[in-house]
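Here is how the chains run, residue by residue.
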Amino acid sequence: HQAYDPATKTAGPLLGDSLVQRLRTSLVRASSDSVAGTDLGIPSNAGITVERDGTLKFDRDVFIEAYDADPAAVQAVLGADTGVAGRLQALAESTKTQVDAGIKARNDRLPTIDDRISSWDRRLEVRERTLKKQFQAMEVALGQLNSQSSWLAGQINALNLNSGGN
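These remarks concern the structure in this document. (Residues numbered from 1 in each chain as written. Predicted model: local features only at pLDDT ≥ 70, side-chain atom pairs only at ≥ 80, totals over all residues. Heavy atoms only, no water.)

**Looking at the overall build of the chain**
Part 1: A count of helices and strands for the chain gives four helices and four strands.
Part 2: Beginning at the N terminus, the succession of helices and strands in the chain can be written as β-β-α-β-β-α-α-α.
Part 3: For 166 residues, the compact-globule estimate of 2.2 N^0.38 gives 15 Å, and the chain exceeds it by more than 25% at 38 Å.
Part 4: Principal-axis analysis of the C-alpha atoms gives the chain an extent of 130 × 35 × 20 Å.
Part 5: Put simply, the chain has 166 residues, and 16% of those count as buried.
Part 6: Considering only contacts in the chain between residues 6 or more positions apart, those separated by 24 or more positions represent 37%.
Part 7: Measuring between centres, the 19 positive side-chain charges of the chain sit 13 Å from its 21 negative side-chain charges. (Helix = DSSP H or I, 4+ residues; strand = E, 2+ residues; numbered from the N terminus. Rg over C-alpha atoms; globule rule 2.2 N^0.38 Å. Buried < 20%, exposed > 50% of the residue type's maximum accessible area, 1.4 Å probe, protein only. Contact = heavy atoms within 4.5 Å. Lys, Arg positive; Asp, Glu negative; His and termini not counted. Charge placed at Lys NZ, Arg CZ, Asp CG, Glu CD.)

**Here we look at the pattern of salt bridges**
Part 1: For the structure shown, the criterion picks out four salt bridges.
Part 2: The partner of Arg29 in a salt bridge is Asp33, and the shortest N-O contact between them spans 3.2 Å.
Part 3: The closest approach of N and O atoms between Lys96 and Asp100, which form a salt bridge, is 2.7 Å. Placement of the pair is Lys96 and Asp100 together in helix α4 (residues 84-165), with a separation of four residues, close to one helical turn.
Part 4: Residue Lys96 is classed as exposed on the basis of its relative accessible area, which comes to 53%. (Salt bridge = Lys/Arg side-chain N within 4 Å of Asp/Glu carboxyl O.)

**Observations concerning the packing of aromatic side chains**
Part 1: Taken as a whole and assessed by the stated rule, the structure comprises two aromatic pairs.
Part 2: Seen from their ring centres, Phe58 and Phe63 are 5.5 Å apart, and the 55 degrees between their planes marks the pair as tilted.
Part 3: Note on Phe63 and Tyr67: the rings are 5.9 Å apart at their centroids and 20 degrees apart in plane angle, and the pair reads as stacked. One end of the pair, Phe63, and the other, Tyr67, are both in helix α2 (residues 60-69), four residues apart, so they sit about a helical turn from each other.
Part 4: Through successive ring pairs, a cluster of aromatic residues spans Phe58, Phe63 and Tyr67.
Part 5: Against the face of Trp120 rests Arg123, its NZ or CZ located 4.4 Å from the ring centre. (Phe/Tyr/Trp six-rings, centres within 6.5 Å; stacked < 30°, edge-to-face > 60°. Lys NZ or Arg CZ within 6 Å of the ring centre and 35° of its normal.)

**Examining helix α1 (residues 18-32)**
Part 1: Counted at 1.5 Å a residue, the expected span for α1 with its 15 residues is 21 Å, and the 21 Å between its end C-alpha atoms agrees.
Part 2: Those residues of α1 lying buried are Leu19, Ala30 and Ser31. Angularly, the buried residues of α1 cover 90 degrees about the axis, an arc narrow enough to put them on a single face. (Expected span 1.5 Å × (residues − 1). Arc of directions from axis to C-beta.)

**Observations regarding the packing of α2 against helix α3 (residues 71-78)**
Part 1: With their axes 5 Å apart at the nearest point, α2 and α3 run at an angle of 125 degrees to one another. Taken as axis vectors, α2 and α3 run oblique relative to one another. Judged by residue contacts, Phe63, Ala66, Tyr67 and Ala69 of α2 engage Pro71, Val74 and Leu78 from α3.
Part 2: Considered class by class, the residues forming the contact of α2 with α3 number seven nonpolar, no polar and no charged. (Axes fitted to C-alpha atoms, helices over the stretch in contact; angles between N-to-C directions. Parallel < 35°, antiparallel > 145°, perpendicular 65-115°, else oblique. Nonpolar A, V, L, I, M, F, W, Y, C, P; charged D, E, K, R; others polar.)

**Concerning the nonpolar core**
Part 1: Counting ten residues, the largest nonpolar core is built from Val35, Leu40, Ala46, Ile48, Ala66, Ala73, Val74, Val77, Leu78 and Val84.
Part 2: If one sorts the elements of this core by residue count, α3 sits on top with four residues.
Part 3: Sequence-distant contacts of Val74, that is, excluding residues within four places in its chain, are made with Leu40, Ala46, Phe63, Ala66, Tyr67 and Gly79. (Core = buried A, V, L, I, M, F, W, Y, C linked by side-chain atoms within 4.5 Å.)

The structure is reproduced here in structure tokens:
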């Protein structure tokens, strides 16, 4: 929902949303940053990596090798306390609060946006009526000018005939 499709020139509804961008960064960090106090260090040493597209990849062979070497270190890196699972759980809880607040803020703005749209509609209707009246007045004036032009042309022709006949 954050993508832009150049073929159709359409953006996803969440493109540019700062909360989504912060969440993406937080997810990557929670899944890849070093875990303090462990010999294993980073989640990739336990088989968890973040791909370029942001998806998590689990490497079973790396996990088994790390687990066979030091199960406690793997548990610490991936576990529910300070490991990846704990970080992701804490992130999910804090993000829920942020998402709820964002939804509420957007919903609170909807009546204001609706009012602004209605206001623009009213102003456009007034402008349309004004332009129609001006156009009608110009048509009347143009008709009068055409009538005067015809009268003047007739007067000039009459003068030419009178002066030519004398």
